[in-house]
Structure formats: C-alpha cells, structure tokens
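# Structure assessment
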Amino acid sequence: MHAITSHMTTSINNISTTLLLLTATALLLSSAFSATPPPSSATTVCQYTPYPSFCRSTIPINNSTANVYDYGRFSVRKSISAANKFSALIDKYLRRSSTLTTGAISALQDCQYLAGVNIDFLTNAFQTVGKSQTTLSAMKSEDIQTMLSAILTNTQTCIDGIQATASSWSSKNGVLAPLANDNKLYSVSLSLFNRGWGVKNKKHSSFTRKIKSKKHSGFSNGRLPLVMSERTKAIFETAGRRNLLQTDDGGDQVVISDIVVVSQDGSGNFTTIMDAINIAPNKSEAADGYFLIYVTAGAYEEYVNIPKNKYYLMIIGDGINQTVITGNRSVVDGWTTFNSATFIVTAPNFVAVNITIRNTAGAIKHQAVALRNGADLSTFYSCSFEGYQDTLYAHSLRQFYRECDIYGTVDFIFGNAAVVLQNCNLYPRLPMSGQFNAITAQGRTDPGQNTGTSIQNCNIRAAEDLGSTKTYLGRPWKEYSRTVYIKTFMDTLIEGGGWREWSGDFALNTSYYAEFDNSGPGSDTSRRVSWPGFHVINATDAVNFTASSFVMGDEFLPQTGVPYNGGL
C-alpha cells in the first residue's frame, strides 16, 4: 500500500512539474510572440538604421516607455508631413514655370506625380502601423515593406530626373536639398518598420503551399488564350457578365467581369486602346474579376498610360508581332527617361498577354523606354519589349514576366522593382559605336528595400545585329544594386568577367550579384569579377529569389491564369 501511495505521489508530482513546465513554456512563447517589446531609447533604436545620427535628431521621443513600434509610427507620421511639404514645394516651383527650362519643367512634373504616389503609400502604411502593436501577417508585412521601398525609389527617380535635365536651372538645389533629407527620413521609416513589423526569418509560401508551385495553365499551349483562339465576334457578343477563361483540361479559371474589343477597322467597341482603358471601372475588387480589353492585330501608334485607379485590368492581343503598340519618345528629344515610355502602367494587378511594345527611337536617341512598369502585382505573359537603351523600366513594386522577349542595348532591363523574369528570351542587340551592352542596371538604393531583379530559366542569345559588341550581365546603377541569374542559358556573347563597373569602385562592395546553376558557354564563373558583391550561390540562397518567395507569386499569380513555377 505504501509503495502504491508513493508511486501515486511521485506520478502526481511529475504531472505537476510537467504542467508547470508547459505553463512556463506557454508563457514564454506568448511573451515572445505577442508581448509588447521592451522600451528602447532613440540611441538604441536608431543604431539599426542607415542614418543613426539623423534618426536620433529626427525622432526625439521623450517617453521612457517608448518602443520600436512607437518610433516607427512617429517616423512614418513625420514622413507623411515631409512628403506633403515637398509636394507643396514642387507646386510652388511649377507656378513659376515661365522662368524654367523645358527640361526642368518635365523633371518637376515627374516629381509632382511621384510625390503624390508617396503620400498615398505613406498614408496606407500609417493606417496599418498606426494601430498595430504586434507583428503582421507575412503578406501584410510584405505589402508595407514594398510600399516603403517604392517611396525611396520614387524619391530617387525625382532626384535623378532633376540632376539629368536641370543643369541650367540655378535654383535646383532648392529642391534637391530638402529631397535628400526626405530620403533619409524615408530610409529610417523603412528600417524601423522592418525591425518592428517585418517578418523575422520568414518562410515564404513556396515552402508550405507546394500545390501552387506547379505550372498553372490558364492559357492554351499556343500562347493564345482559349477564349480568343477563334477570333470571332460571336464570342464577345454572347459573353455574359461573369465569363471564365479556362483550358480544356480544367486548369485555373480566370474570372472576367466584362470584355471590350479594340480594332482599328472599326469592327470592335473602340479603335484606340486608351479609349477602352478610359471606360474601364475604377478600383475594382478581386472578386469582380478582370476587365478584359482584347486588342486585335495591328500597329497601334499611341502612348498607353494605365493610371493607378484601374485595378484588375487585363489586355490581350493577337500575339507577339501581331498586336503592336509603338512610339518613339526619347531623352534626346526632350523627354525624361521616366516619361519616354511607349506603355506606362501603375494600376495594381494588371495583366498583359500576347502584345509587342516598342520604342523605335533607336540607339542614337539614348534613353528611350518601351515599357515603364510601376504596377504592384503585375504580370506580363508572352509579350515582347523592343528598344535599345533602357527598354524595360521595371520601376517599382512587385512584377512578374513569363515567356517574354526583351531586346535592347545599354541597361535594357533597369529600375528598382522586385521583379522575376521567368522563361524569357533576352536579346542584346547592336548599340551605338563605342558602347557596350549591359543587360541589367538594377537601382536598389537602400539595404532595407525588398527589391532586385531575378532572371530565372531564361535564355540570353545575341540579336541578329549584335556582332562582336561586348555584353555583360549587369552593372551597379545604385549602391545596393541586386541581380540574380538562376538556371539561365548564357550564349557566347557574355564576357568572361560577367559584370561591368558603373564608375570606378562604386557599389562593388555593397551590390549583390549572384549566379546559380546557369548553363551555356557564357555561364562559366571561373573568370568572373572578384568584387565582394559577386557570389556563386547554392539552392538555399537561390530559392529566396523565386516567384513564390521574392514577389509573393502564390498570392496573385493563380488568379491570372498565367503559367509559373513557384520554386527553383
């Protein structure tokens, strides 16, 4: 009896100990994941930002209980104030436009637009961080980090435009000086957000949602969407309010709210693309489906600009070199690089399929953009972009390109978006005499930005006219330039060193250039540059730059019907 009692007592004690340990563990886990972080001084918090001294002088919170969230909220709120002041400053200068050069006016107008975008992004960010004392979901955290990254990109675009076009403008420093301070403030805001609300050691959805890593097949193998294969008016005349684009094998369905046809012969609803865009609904919801504009074969000599309020717009053409949108604006002819594009899109969740976009200005006109994309969660499938210098301006936010052809010379894929190009063909072509080709010129300016260019499973081959022009994988346009080539075929045109300097030793230590498992005669890394910023990486690192990880592709690509590979 005594033994039984002793055994029961020991068991009860063990159970009690186990319960105490479980309770303690639960409390520790609860504290780790949901408790308010400890108070921090501005000195402590600011040391993690790129500008510690500026940070300390800018966010002097005199509160012994302030934590990283308080500093982050204060910084974003102050950023909103700075953005509004800068917008007012630009308006003041533009009111005196009679005293300015044409180039200065163009640069200021770009700044005016970008300042408005920044105010929108900062306001959206504050609506989230203003009431959140805990970490956010992975997608929400990525959304805010993306917007704060784009704010820095927009500001830098304004700076570049003023410096490039306003050389004769005596008072340009009246704009550049406050803008430099604003840029530091935005950088501090991004850094504090990443530290407070950013996802720590995030595991992207490609690891947990393998079902989305398969090839999605919303369109037929012939690159034409199934609903367009007949090309008959009857399809559109009988189309209901809630159409579905779907493959014969029951692949992903693409919800369509309405369809309009653009045809130059007058047989459609419109004869120009912009007329169709203008009647598209504003700020549609995902559940509403895409407003589909079908553009029949033809050369459309017009400048297309899809504004930020035209959500969920889809444009489908009759194929590469069949439906062609063409223009010839260039920097030499007085346009800023930012506004030289033939096709501009800033509306989120945009999709384009089976279209060629050209800038025919030619190499002699220097910067001349075919596509400028500042549209978050945008997708281009089976499209072609043709130009020379600065063909594809992947300006900002998150972008995906699949089975596209890209032609160009100097820096012909550039900008500071988070962008994945998958199964694309890159064709370096003949530049001006004395020039070399750089395929990429990535523009990341801050280590906290979630931006970069990922080129996965693509082919790099010479255009017919290339000749013996030296061609490189990229060069560092900005200090933290980031470009990765993954499983890409590189033909003999790629120089052995692979990468080219921008100017002296600028950004050779701070840029991030990486190659993984590429093929072809140009992929040999044994003679690559010896910069600290160059890396030959493994699969563990490379997976961070895949569609699922780098642009959160599993969250928006399935609804587009566009095929994609989520992982390596």
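Refer to the structure printed above.
Every value quoted in this text rests on a predicted model; they were computed, and no experiment measured them. Per-chain numbering applies: the sequence of each chain, read as written, is numbered from 1 onward. Selection of residues for local features in this predicted model requires a pLDDT of at least 70, selection of side-chain atom pairs for listing and counting requires 80 or more, and totals for whole chains, interfaces and linings are taken over all residues. Only hydrogens and water are set aside; all other atoms, that is, all heavy atoms of the structure, feed into the side-chain values.

### Some remarks on the overall build of the protein chain
- When helices and strands are counted, the protein chain shows twelve helices and 27 strands.
- Within the protein chain, the fraction of its 568 residues that count as buried is 55%.
- Long-range contacts, defined as pairs at least 24 residues apart, comprise 71% of the intrachain contacts of the protein chain with a sequence gap of at least 6.
- Where accessible areas are quoted, they stem from the Shrake-Rupley method and a 1.4 Å probe; at the residue level, only the protein chains shown are allowed to cover. In the form shown here, the protein chain has an accessible surface area of approximately 23600 Å², with 51% of it arising from carbon and sulfur atoms. Numbering goes from the N terminus for both helices and strands, where a helix is a DSSP run of H or I of at least four residues and a strand is a run of E of at least two. For every residue, the accessible area obtained with a 1.4 Å probe (protein chains only) is divided by the maximum for its type, and the residue is called buried under 20%, exposed over 50%, and partly exposed between those limits. Note on contacts: a residue pair qualifies if any of its non-hydrogen atoms lie within 4.5 Å across the two residues.

### Notes on the sheet that holds strand β17 (residues 410-415)
- One bridge is not enough; two strands pair if DSSP finds at least two bridges between them. Within the open sheet, the seven strands sit side by side as β5-β8-β11-β14-β17-β20-β23. Their pairing is parallel. Edge positions in the sheet fall to β5 (304-306) and β23 (471-474), since each has one partner strand and no second. Averaged over all pairs of adjacent strands, the angle between strand axes in this sheet comes to 10°, irrespective of strand direction.
- Relative to strand β20 (residues 437-442), β17 is paired through four bridges, and the arrangement is parallel. Looking at β20, one finds that Ile413 is bridged to Thr440. Simply put, an axis is a line fit to the C-alpha atoms, just over the touching stretch for a helix, and the angle between two N-to-C directions goes from 0 to 180 degrees.

### A closer look at the environment of Gln253
- You can see Gln253 is positioned in the loop between β1 (243-245) and β2 (254-262).
- Placed 308 residues apart in sequence, Gln253 and Gly561 show a C-alpha to C-alpha distance of 6.6 Å.

### Quick look at the side chain of Ser454
- Here Ser454 shows up in strand β21 (residues 452-456).
- Ser454 gets classed as buried once you look at its relative accessible area, which sits at 0%.

### Considerations on the state of the cysteines
- Whenever a pair of cysteine sulfur atoms sits within 2.5 Å, that pair is classed as a disulfide. A full pass over the atoms with the stated rule returns two disulfides.
- Through a disulfide, Cys46 is tied to Cys55; the S-S separation comes to 2.0 Å. Taking the sign of the S-S torsion, about -65° here, the bridge from Cys46 to Cys55 comes out left-handed. Here Cys46 and Cys55 have matching classes, each one buried.
- Here Cys111 engages in a disulfide with Cys158; their sulfurs sit 1.9 Å apart. On the S-S bond that ties Cys111 to Cys158, the torsion sits near 100°, and the link is right-handed. Taken together, the residues Cys111 in helix α5 (residues 102-129) and Cys158 in helix α6 (residues 138-165) connect sequence positions 47 residues apart.
- Overall, the relative accessible area of 3% leaves Cys158 in the buried class.

### Considerations on the packing of α6 against helix α7 (residues 173-196)
- Where α6 contacts α7, the axes come no closer than 10 Å and their chain directions differ by 165°. With respect to α7, the axis of α6 lies roughly antiparallel. Of the two elements, α6 crosses α7, and the hand of that crossing is left-handed.
- Here the residues of the contact of α6 with α7 are counted per class, giving 13 nonpolar, ten polar and no charged. In this scheme, roughly parallel covers angles under 35 degrees and roughly antiparallel covers those over 145, while 65 to 115 is roughly perpendicular and the rest are oblique. Take the far helix as the reference: if the near one is turned anticlockwise from it by less than a right angle, the crossing is left-handed, and if turned clockwise, right-handed. Side-chain classes follow a simple rule in which Ala, Val, Leu, Ile, Met, Phe, Trp, Tyr, Cys and Pro form the nonpolar group, Asp, Glu, Lys and Arg form the charged group, and the remainder, Gly included, forms the polar group.

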